[in-house]
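# Observations on the model geometry
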Amino acid sequence: MTHDRGAFLDRLRSGRLTLMLGIRSSRTTEIVRIARTTGHHAILVDLEHSTIPLDVAAQMCSTALDLGLTPFVRIPERDYGTIGRLLDGGAQGIIAPRIQTPAEARDVSRACRFAPRGQRSQLAMVPQLGMRPTPAAKLNPALDDTTIVQILLETPTGIANADDIARLEGVDMLAIGANDLSAELGIPGRYDDPQIQQAVADVAQACRRNDKLLMLGGIGDLAVLDELIPLGVCPLHLTGMDTDLLFAGAAARTDKFALRRPQPVSTKE
C-alpha cells in the first residue's frame with residue numbers, strides 16, 4: 001500500500017500537473033472518493049484551520065492510500081506531537097505551517113522519521129503496510145522513504161531563512177502561503193505586489209540551490225499564478241478547499257434557479 005515518495009516528487013520535477021483537494025469541513029471519506037473521481041492526485045486534510053479530529057483525518061488518509069491518492073495533512077502550528085499519530089494513521093505527507101527558522105523545520109523533519117534520522121516513536125502495524133505486523137528493520141526504512149515533509153513559509157523571517165531551511169536533509173519541499181505572507185507584509189490579498197513576486201523568486205532560488213521543490217498556495221487568481229509559476233514553482237496545485245467549492249456550487253445553483261422565469265400560482269379551482 002505504500003506509495004513511492006520518489007515517484008511523487010519526480011512527477012513534480014518533470015512538470016506534470018498534480019492536483020490536490022483541500023479538506024476542511026467534510027467529516028466522511030466520501031470527499032476522498034470525490035477527489036479521486038474528479039481527477040485529483042492528492043488530498044490535504046487541514047487541521048490548522050478546522051476542528052477535524054485526528055481519527056477522522058486518519059480515516060481520510062488511509063482511504064486516500066487505498067484509492068491511489070497521496071494524503072497530506074497540514075498540522076496545527078508547532079503541534080509536533082500530532083505528527084507521529086497522523087503518520088501512524090496513514091498520512092504520507094506532513095505540511096508544517098508558519099515555520100520561521102531552520103530549528104523549527106528540523107523539529108518537524110525529525111518528528112516524521114525514525115531513529116537515527118529522527119525521533120518518531122516506534123510501532124509495528126500501520127495502514128500503509130496493510131496493518132501487517134512488520135519488524136522495525138523493514139518498517140522503518142519503508143515509512144521513512146515514503147514520507148514527504150513540506151515546510152510552509154508564511155512570514156518575512158521564514159522567507160529570509162529559506163536557504164538554510166531548504167538545506168536540511170529531511171525537508172523535501174518548501175511552500176509559500178501567500179495569504180498569510182501578504183498580511184504579514186502589510187498588503188493583505190495583494191498577490192500581484194512586487195514584494196510577493198520577490199519572495200517567490202528568492203525562495204525558488206533557494207530551492208534550486210538545494211534541489212528542493214517549491215509549492216505556492218493561497219492564490220486563487222490563475223492570472224496571478226501564471227505570472228509567478230515561471231519563477232520556479234512546481235506544478236502541485238491546491239484546487240480549493242471543500243468549503244470554497246461547496247460555496248461556489250451552492251451559489252451557482254441558486255443563480256441557475258434565479259434565471260428561471262417564475263410562473264404565477266393560481267389559487268382558483
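Residues numbered from 1 in each chain as written. Predicted model: local features only at pLDDT ≥ 70, side-chain atom pairs only at ≥ 80, totals over all residues. Heavy atoms only, no water.

This part takes up the UniProt feature "domain: HpcH/HpaI aldolase/citrate lyase" (unreviewed entry) in the protein. Here, the residues flagged by UniProt with the feature "domain: HpcH/HpaI aldolase/citrate lyase" (unreviewed entry) are residues 27-210. Between the C-alpha atoms that bound residues 27-210 there is a distance of 38 Å. The span itself is 43% helix and 14% strand. (UniProt positions renumbered as here; feature names shortened; annotations may be inferred. Helix = DSSP H or I, 4+ residues; strand = E, 2+ residues; numbered from the N terminus.)

Following the criterion strictly, the structure yields 17 salt bridges and no others. Two residues, Glu184 and Arg98, come together in a salt bridge whose shortest N-O distance is 2.6 Å. With Glu184 in helix α9 (residues 178-184) and Arg98 in the loop between β4 (93-96) and α5 (102-111), this pair connects stretches of sequence that are 86 residues apart. Here Arg167 and Asp164 are joined by a salt bridge, their closest N and O atoms 2.6 Å apart. On the basis of relative accessibility, which here comes to 36%, the residue Asp164 falls in the partly exposed class. Within the structure, one salt-bridge network assembled from shared partners comprises Glu77, Arg78, Arg98, Glu104, Asp180 and Glu184. (Salt bridge = Lys/Arg side-chain N within 4 Å of Asp/Glu carboxyl O. Buried < 20%, exposed > 50% of the residue type's maximum accessible area, 1.4 Å probe, protein only.)

With that settled, the discussion passes to the packing of helix α2 (residues 30-37) against helix α3 (residues 54-67). For the pair α2 and α3, interaxial distance at closest approach is 9 Å and the crossing angle is 30 degrees. Classified by the angle their axes make, α2 and α3 are roughly parallel. Crossing of α2 over α3 shows right-handed handedness. Across from Ile31, Val32, Arg33 and Arg36 in α2, the residues of α3 making contact are Met60, Thr63, Ala64 and Leu67. (Axes fitted to C-alpha atoms, helices over the stretch in contact; angles between N-to-C directions. Parallel < 35°, antiparallel > 145°, perpendicular 65-115°, else oblique. Left-handed = near helix turned anticlockwise from the far one by under 90°. Contact = heavy atoms within 4.5 Å.)

Turning to the pairing of β4, a few remarks are in order. Neither face of β4 is left uncovered, since the one carrying Gly93 and Ile95 and the one carrying Ile94 and Ala96 both have all their residues buried. Where strand β3 (residues 70-74) lies against β4, three bridges are found, and the strand directions are parallel. Each bridged residue has a counterpart across the sheet, and for Phe72 the counterpart in β4 is Gly93. Assessed by its sense of winding, the connection that carries the chain from β3 through helix α4 (residues 83-88) to β4 is right-handed. Note that β4 and strand β5 (residues 148-153) share four bridges and pair parallel. The residue bridging Ile94 from the neighbouring strand is Val149, located in β5. (Pairing = 2+ DSSP bridges. Right-handed = clockwise from strand over helix to strand, strands pointing away.)

In this structure, Leu143 sits in helix α6 (residues 136-144). Once the C-alpha coordinates of Leu143 and Leu129 are considered, the two residues, 14 residues apart in sequence, prove to be 8.9 Å apart. Those residues in contact with Leu143 that sit more than four places away from it in its chain are Phe114, Arg120, Val126 and Gln128.

This part is about the packing of aromatic side chains. Think of a pair of aromatic rings as described by two things: how far the centres are apart, and how the planes are tilted against each other in angle. All told, the structure shown has one aromatic pair when counted by the stated rule. Measuring from ring centre to ring centre gives 5.7 Å for Phe8 and Phe72, while their planes differ by 50 degrees; the resulting arrangement is tilted. Placement of Phe8 in helix α1 (residues 5-13) and of Phe72 in strand β3 is noted, with a sequence separation of 64 residues between them. Taking the relative accessible area as the measure of exposure, Phe72 reaches 0% and is therefore buried. (Phe/Tyr/Trp six-rings, centres within 6.5 Å; stacked < 30°, edge-to-face > 60°.)

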